[in-house]
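Chain and residue survey
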Amino acid sequence: MEQTIDINPIPYLTWTWLKINKDPVTYDFSLSENNGTDQQIPDGVSVTSGKKVQTQLAEPENSIGKEAVELITGATTGKIYTFEKGEAGDDTKPLIIRINVDSNCATHNIIHAKAGTNCNVIIVYTGHTGLSGVVTKVYAEENSCMNISKVQLCDTSVNQIDDTQIVCGDNAKVTLTQIELGGVHINASFHATLSGYQSKFESDTAYICSKNQYIDMNQTVVHTATKTQCNMKTDGTVKDNTTKTYRGTIDMRKGCCGSKGNEMETTLLLSPQAVVKAAPIILCGEEDISAEHGSTIGKLSPEMLFYMNTRGIDQATAEELLTKAKISAAAAKIPSEDIRQEIEDFIK
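Below you will find a few notes about this structure. (Residues numbered from 1 in each chain as written. Predicted model: local features only at pLDDT ≥ 70, side-chain atom pairs only at ≥ 80, totals over all residues. Heavy atoms only, no water.)

1. With respect to the overall build of the protein chain
Counting its secondary structure elements, the protein chain contains four helices and 21 strands. Over its C-alpha atoms the protein chain spans a radius of gyration of 20 Å, differing by no more than 12% from the 20 Å that the globule rule assigns to 348 residues. Viewed in the frame of its principal axes, the protein chain has a C-alpha envelope of about 55 × 50 × 45 Å. Evaluated residue by residue, the protein chain yields a buried proportion of 54% over its 348 residues. In the form shown here, the protein chain has an accessible surface area of approximately 14700 Å², with 49% of it arising from carbon and sulfur atoms. Computing the positive centroid from 31 side-chain charges and the negative centroid from 44, the protein chain places the two 2 Å apart. (Helix = DSSP H or I, 4+ residues; strand = E, 2+ residues; numbered from the N terminus. Rg over C-alpha atoms; globule rule 2.2 N^0.38 Å. Buried < 20%, exposed > 50% of the residue type's maximum accessible area, 1.4 Å probe, protein only. Areas by Shrake-Rupley, 256 points an atom, 1.4 Å probe, with all protein chains shown as cover. Lys, Arg positive; Asp, Glu negative; His and termini not counted. Charge placed at Lys NZ, Arg CZ, Asp CG, Glu CD.)

2. Considerations on the packing of helix α3 (residues 315–331) against helix α4 (residues 337–347)
The geometry of α3 relative to α4 is characterised by a closest axis approach of 10 Å and an angle of 165 degrees between their N-to-C directions. Comparing their axes, α4 and α3 come out roughly antiparallel. The way α3 lies across α4 gives a crossing that is right-handed. Touching K324, I327 and A331 of α3 are R340, I343 and I347, all from α4. Split by residue class, the contact of α3 with α4 holds four nonpolar, no polar and two charged. (Axes fitted to C-alpha atoms, helices over the stretch in contact; angles between N-to-C directions. Parallel < 35°, antiparallel > 145°, perpendicular 65-115°, else oblique. Left-handed = near helix turned anticlockwise from the far one by under 90°. Contact = heavy atoms within 4.5 Å. Nonpolar A, V, L, I, M, F, W, Y, C, P; charged D, E, K, R; others polar.)

3. Description of the layout of surface pockets
Each pocket or cavity is described by its volume, and for the largest pocket that value is around 380 Å³. Forming the boundary of the largest pocket are 18 residues, of which I208, S210, K239, F346 and I347 lie nearest the centre. Contributing elements (two or more residues each) for the lining of the largest pocket: α3 and α4. Element by element, the count of residues in the lining of the largest pocket is highest for α3, at five residues. Within the lining of the largest pocket, the residues separate by chemical class into seven nonpolar, five polar and six charged. (1 Å grid on protein atoms, 1.4 Å probe; cavity = no way out; pocket = protein on both sides within 12 Å on 5 of 7 lines; lining within 4 Å. Points joined across faces, edges and corners; volume = space filled by probe spheres on them.)

4. Here we look at the nonpolar core
Ranked by size, the top nonpolar core spans 46 residues in total, and within it M146, V174, F201 and V221 carry the most contacts. When residues in this core are grouped by element, the largest group, five residues, is from strand β14 (residues 185–194). Once residues within four sequence positions are removed from consideration, V174 is found in contact with A140, M146, I148, I166, C168, K200, F201 and E202. Membership of the second largest hydrophobic core comes to 15 residues, among which are L153, I327, A330 and I343. (Core = buried A, V, L, I, M, F, W, Y, C linked by side-chain atoms within 4.5 Å.)

5. Topic: the sheet that holds strand β7 (residues 95–101)
Backbone-to-backbone hydrogen bonds join strands into a sheet, with any given pair of strands oriented parallel or antiparallel. Taken in spatial order, the nine strands make up an open sheet running β4-β7-β9-β11-β13-β15-β17-β19-β21, and their pairing is mixed. Two strands bound the open sheet, and with one partner strand each, they are β4 (37–40) and β21 (289–298). Ignoring strand direction, the axes of neighbouring strands in this sheet form an average angle of 10 degrees. Here strand β13 (residues 173–180) runs beside strand β15 (residues 200–209); their pairing, made up of eight bridges, is parallel. Residue pairing across strands places T175 opposite E202, the latter belonging to β15. The strands touched by α3 are β13, β15, β17 (229–238) and β19 (259–269); relative to β15, the strand with the most contacts, the crossing angle is about 150 degrees. (Pairing = 2+ DSSP bridges.)

6. A look at the environment of C209
On the secondary structure map, C209 appears in strand β15. Measuring from C-alpha to C-alpha, the distance between C209 and D240 comes to 8.3 Å, with 31 residues separating the pair along the chain. Setting aside anything within four residues of it in sequence, one finds C209 in contact with I215, T237, V238, K239, T242 and T243.

What follows is the structure, given as structure tokens:
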């Protein structure tokens, strides 16, 4: 039975005529469990079932909305990956999870990095049809360092709701790389809470929105502890009859003195029919902070086009090169040559 819910609500409402406050979707939320296949599990990583972990960290928040979270997590028993203290999941052997979407399915995975752990996690989405609802919870204990990569390579008949929920302890650092290439209607969001002293969060999102795709993003970082840092980067290309919506929020709450935040979203617009909307937001409840944000939408500049032309590269080829370069720059951070090659093959 189909159900209409609101996805990716903006933290603070703006004018309704902008149609950016939320993304109402209508799907059949009769979801079956699909927590993915463990393609590679490094030494020092335990895998169990469940939805709760033993930690002093607060529960991470979501960006997709409470109703969507309940529908997705209620359809699965959950899966927990625990990185014990040491070098489990280093660059030579990351944890790789592959999720194949072939029906309406739900994924609820928890990544728990114990104190002092160095972790690398890669989640790859492929598939041919259906709705994929994903909730990924990340707990980064004190002095841990975690690199998470999410790569979406689904066919154009797949709809996806993907939410990453992160909480960081003292001196913890989480880096999130997101690459969105496939699907037809994609809701990709994350919410990071920097609750530990000197904790850090970085994100790098790259996408290509083409044909009749709809990409809707909601990215939020909340600073609650002192001397925390975040850096959010989103870079992509929009063409054909597509729609892309971006919401990016840095929330500096009282008590986060000495914190720094940066947010930048850049869109290469290659079609007059495409619709692009952006809402970069900074919320400030503390005086002793530094925060910057920005959003740019533009075509290939005449100077760049002239430079390309003088080297025998026409406009269509130049646009293709720049589009691929945005994806390649983000993909270079993924610690798996096979996955990087898979991304390149998908673009081709």
